[in-house]
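# Inside the fold
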Amino acid sequence: MSNLSNKVAVVTGGNSGIGYATAKLLIALGAKVIITGRNKAAVDEAAVQLGATGLVADQGRLADITRLADAIRTGFGKVDILFLNAGVASFSPVETASEEHYDSLMDLNVKGVYFTVQKLLPLLNDGGSIIFNTSVNAVLGVPGSSIYAASKAALLAINKVLAKELAPRKIRVNAVSPGPVTTPLYGKLGMKQEELDGFGQILGSKVLLNRFASPEEVANVVRFLASDDASYITGTELTVDGGLTVNAVV
Ligand SMILES: NC(=O)c1ccc[n+]([C@@H]2O[C@H](COP(=O)([O-])OP(=O)(O)OC[C@H]3O[C@@H](n4cnc5c(N)ncnc54)[C@H](OP(=O)(O)O)[C@@H]3O)[C@@H](O)[C@H]2O)c1
């Protein structure tokens, strides 16, 4: 397994779930890690637990993203690994989806991610690694998830284009697409507990491995993509879904 000492990694949304587990793993392998999040208390607490640098930034706001880039330039001077993990999920059928619902998902999951890449690019070393956290939801046709699915599908498209645009700088650009992962995300979907339990049961039973992933199982794949172990991999999507997407028909 590649050692990551001397690497600087940025993990957006690093105070919880997949981002937290990834920050923990990268730090264990020697990287200096910056985590971001909206909530100062949560970011500070996670940063202390992890031994990371915590910077408060709403990744959906361009002013915050610019401030974040300035703080990283001043504190670290460079970035080697950028994990675009911060994201929100909420569901609504098309008939009742509001403009606010649309904007809240697209502003963070697409616009914020896109401009985080843009603003951090001048700091990203040639030979660096960018990883988008997308979702198999982008291709599953789950009712009520049209806007969330579209936001993740947009990242998959951006992933391919940026792989090409950044290849002259030897920056590798990839996506990790998790299936269901046990994180606080599900509690934020706006579903009642019994709806959530039912949804979780149906989802889990469709997974060939018959369970949700742990955040650490996704972190392992991000670690791989971030490191020289994946030195010949760019422009691709690694699906981490326990076989969910090959179980669609029977
Ligand atoms: N869990 C799954 O099954 C699953 C499956 C596929 C893909 N994903 C993707 O994985 C990523 C991480 O999700 P998770 O499951 O680990 O959920 P999570 O535990 O809720 O983590 C999401 C992280 O993003 C942060 N965040 C949310 N809005 C933000 C904003 N505007 N600015 C900065 N940070 C913000 C959250 O901080 P707060 O504490 O402030 O909310 C939190 O740290 C998301 O992009 C999600 O779409 C998750």
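Scroll up a little and you will see the structure.
Description of the structure in this document. (Residues numbered from 1 in each chain as written. Predicted model: local features only at pLDDT ≥ 70, side-chain atom pairs only at ≥ 80, totals over all residues.)

## Comments concerning the site of the ligand
- Around the ligand, the surrounding shell holds 29 residues, and the nearest of these are Gly-13, Gly-17, Gly-87, Thr-183 and Leu-185.
- Taken together, the elements giving at least two residues each to the shell around the ligand come down to helix H1 (17-28) and strand S2 (32-37).
- Of the residues forming the shell around the ligand, the biggest block, three residues, is contributed by H1.
- Residue composition of the shell around the ligand, by class: 11 nonpolar, 15 polar and three charged. (Near = placed C-beta within 6 Å. Helix = DSSP H or I, 4+ residues; strand = E, 2+ residues; numbered from the N terminus. Nonpolar A, V, L, I, M, F, W, Y, C, P; charged D, E, K, R; others polar.)

## What about the packing of helix H3 (residues 62-75) against helix H4 (residues 99-120)?
- Where H3 contacts H4, the axes come no closer than 9 Å and their chain directions differ by 30°. Viewed along their axes, H3 and H4 adopt a mutual orientation that is roughly parallel. Here the hand of the crossing between H3 and H4 comes out right-handed. Residue-level inspection shows Leu-62, Ile-65, Thr-66 and Ala-69 of H3 in contact with H4, the latter providing Gly-112, Phe-115, Thr-116, Lys-119 and Leu-120.
- The residue inventory of the contact of H3 with H4, partitioned by class, reads five nonpolar, three polar and one charged. (Axes fitted to C-alpha atoms, helices over the stretch in contact; angles between N-to-C directions. Parallel < 35°, antiparallel > 145°, perpendicular 65-115°, else oblique. Left-handed = near helix turned anticlockwise from the far one by under 90°. Contact = placed C-beta atoms within 7 Å.)

## So, the environment of Tyr-232
- Assignment of secondary structure puts Tyr-232 in the loop between helix H8 (215-226) and strand S7 (237-240).
- Placed 125 residues apart in sequence, Tyr-232 and Asp-107 show a C-alpha to C-alpha distance of 32 Å.

## What to know about the environment of Leu-82
- On the secondary structure map, Leu-82 appears in strand S4 (residues 79-84).
- Residue classification places Leu-82 among the buried positions, given that 26 C-beta atoms sit within 10 Å.
- When the C-alpha atoms of Leu-82 and Val-11 are compared, they prove to be 6.3 Å apart, with 71 residues separating the residues in sequence.
- When sequence neighbours within four positions are dropped, the list of residues in contact with Leu-82 reads Val-10, Leu-120, Leu-124 and Ile-130. (Buried ≥ 20, exposed ≤ 12 C-beta atoms within 10 Å, placed from the backbone.)

## Focus on H3
- Taking 1.5 Å per residue, 14 residues should reach 20 Å; H3 reaches 20 Å between its end C-alpha atoms and fits that length.
- With its phi angle positive at about 80°, Gly-77 sits one or two positions after the end of H3. (Expected span 1.5 Å × (residues − 1).)

## Some remarks on the sheet that holds strand S6 (residues 172-178)
- The strand order across the open sheet formed by seven strands is S3-S2-S1-S4-S5-S6-S7, and the pairing between neighbours is parallel. Unpaired on one side and paired on the other, strand S3 (53-56) and S7 mark the two borders of the sheet. Strand-to-strand twist across the sheet, computed as the mean angle between neighbouring axes with direction ignored, equals 20°.
- Here five bridges tie S4 to strand S5 (residues 124-133), and the two strands are oriented parallel to one another. The partner of Ile-81 across the bridge, within S5, is Ser-129.
- Most of the contacts of H4 go to S4, to which it runs at about 175°, and overall it touches strand S1 (8-11), S4 and S5.
- Contacts from helix H6 (residues 146-166) reach S5, S6 and S7, with the element oriented near 160° to S6. (Pairing = 2+ DSSP bridges.)

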